[in-house]
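Structural features, examined
What follows is the residue order along each chain.
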Amino acid sequence: EAGVAQSPRYKIIEKRQSVAFWCNPISGHATLYWYQQILGQGPKLLIQFQNNGVVDDSQLPKDRFSAERLKGVDSTLKIQPAKLEDSAVYLCASRLDWVSPLHFGNGTRLTVT
Amino acid sequence: AQSVTQLGSHVSVSEGALVLLRCNYSSSVPPYLFWYVQYPNQGLQLLLKYTSAATLVKGINGFEAEFKKSETSFHLTKPSAHMSDAAEYFCAVSPSGGGADGLTFGKGTHLIIQP
């Protein structure tokens, strides 16, 4: 089966600019997650979707981050405006159901200068 | 809230030697625990998971982990290290204990294999 697809793989922007990341989960996976992985740290959950509804966004900095999954399939994560501390790898993951493992994409590496 | 602590940000072993990566958890409910591996520029791949069945869990690539409630530990081991095992390893816990939500990860341990 095809894995979780993410694009772009790399992005370099200046602070205060906007950026968007895209994720296409494995077909049929109802649950989708966005994680932020800062260099030298473990991934931190930003938001969890179940189909097109938000299950958990308690760690999403809502003043600058937004995410949507309008049709319950692919998803976009946006940062506006970006700060230097947003430099990280943004990982998307999906799972079929709660007993199935998470499948991760290869991530988008964001550098904010 | 549940959390995990990985002891040692870097572990170096010789090829063929025992691999031991340490993870301790904090949980107010019976935890679901996981080990993931991350190769450079890739996403995370599940090695194994504990979901309250057998305390000794076998995973892929010859890895296994033992759940010890008395020690609140879930250490990852492999009898004989291979060069291909060099990667970043993350221990994770399901915050609510049920496995249905996003995971809370430790800071990771970088495994170095010396020839």
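Below, the structure is looked at part by part. The written sequence of each chain sets the order in which its residues are numbered from 1. The order in which chains are written sets their letters, starting at A; the order in which ligands are written sets their numbers, starting at 1. Totals for whole chains, interfaces and linings use all residues, but because this is a predicted model, local features are given only for residues with pLDDT of at least 70 and pairs of side-chain atoms are given and counted only at 80 or more. Note that the side-chain values use all heavy atoms of the structure and ignore hydrogens as well as water.

**Considering unusual backbone geometry**
The test is simple: A run of H or I in DSSP becomes a helix once it reaches four residues, and a run of E becomes a strand once it reaches two; helices and strands are each numbered from the N terminus. The rule is simple: take the accessible area with a 1.4 Å probe, protein chains only, and divide by the maximum for that residue type; under 20% is buried, over 50% is exposed, in between is partly exposed.
Cis rather than trans, the peptide bond between Ser7(A) and Pro8(A) has omega equal to -10°. Inspection of the secondary structure assignment puts Pro8(A) in the loop between β1 (5–7) and β2 (10–13). Cis geometry marks the peptide bond from Gln80(A) to Pro81(A); its omega dihedral reads -5°. Of note, Pro81(A) is situated in the loop between β8 (75–79) and β9 (88–95). Not every positive phi belongs to a glycine, and Arg16(A) is a case in point at roughly 80°. Looking at where Arg16(A) falls in the secondary structure, it is placed in the loop between β2 and β3 (19–24). Assessed through its relative accessible area of 64%, Arg16(A) is described here as exposed. Its identity is not glycine, yet Asn41(B) carries a phi of approximately 60°, on the positive side. With respect to the element layout, Asn41(B) can be found in the loop between β4 (33–38) and β5 (44–50).

**Some points on the environment of Lys58(B)**
Residue and element names in this part refer to chain B. Keep this limit in mind: The contact criterion used is simple: two residues touch if any of their non-hydrogen atoms lie within 4.5 Å. Side-chain atoms alone can form a polar contact between residues adjacent in sequence; in general such a contact is a pair of N or O atoms within 3.5 Å, and within protein one must be able to donate a hydrogen while the other accepts it.
You can see Lys 58 is positioned in strand β6 (residues 56–58). Relative accessible area serves as the criterion here: at 62%, Lys 58 is assigned to the exposed category. On a C-alpha basis, the gap between Lys 58 and Ala 86 in space is 19 Å, while along the polypeptide they are 28 residues apart. The residues contacting Lys 58, other than those within four sequence positions of it, are Leu 48, Phe 63 and Glu 64. A distance of 2.8 Å separates the side chain of Lys 58 from the side chain of Glu 64, its partner in a polar contact.

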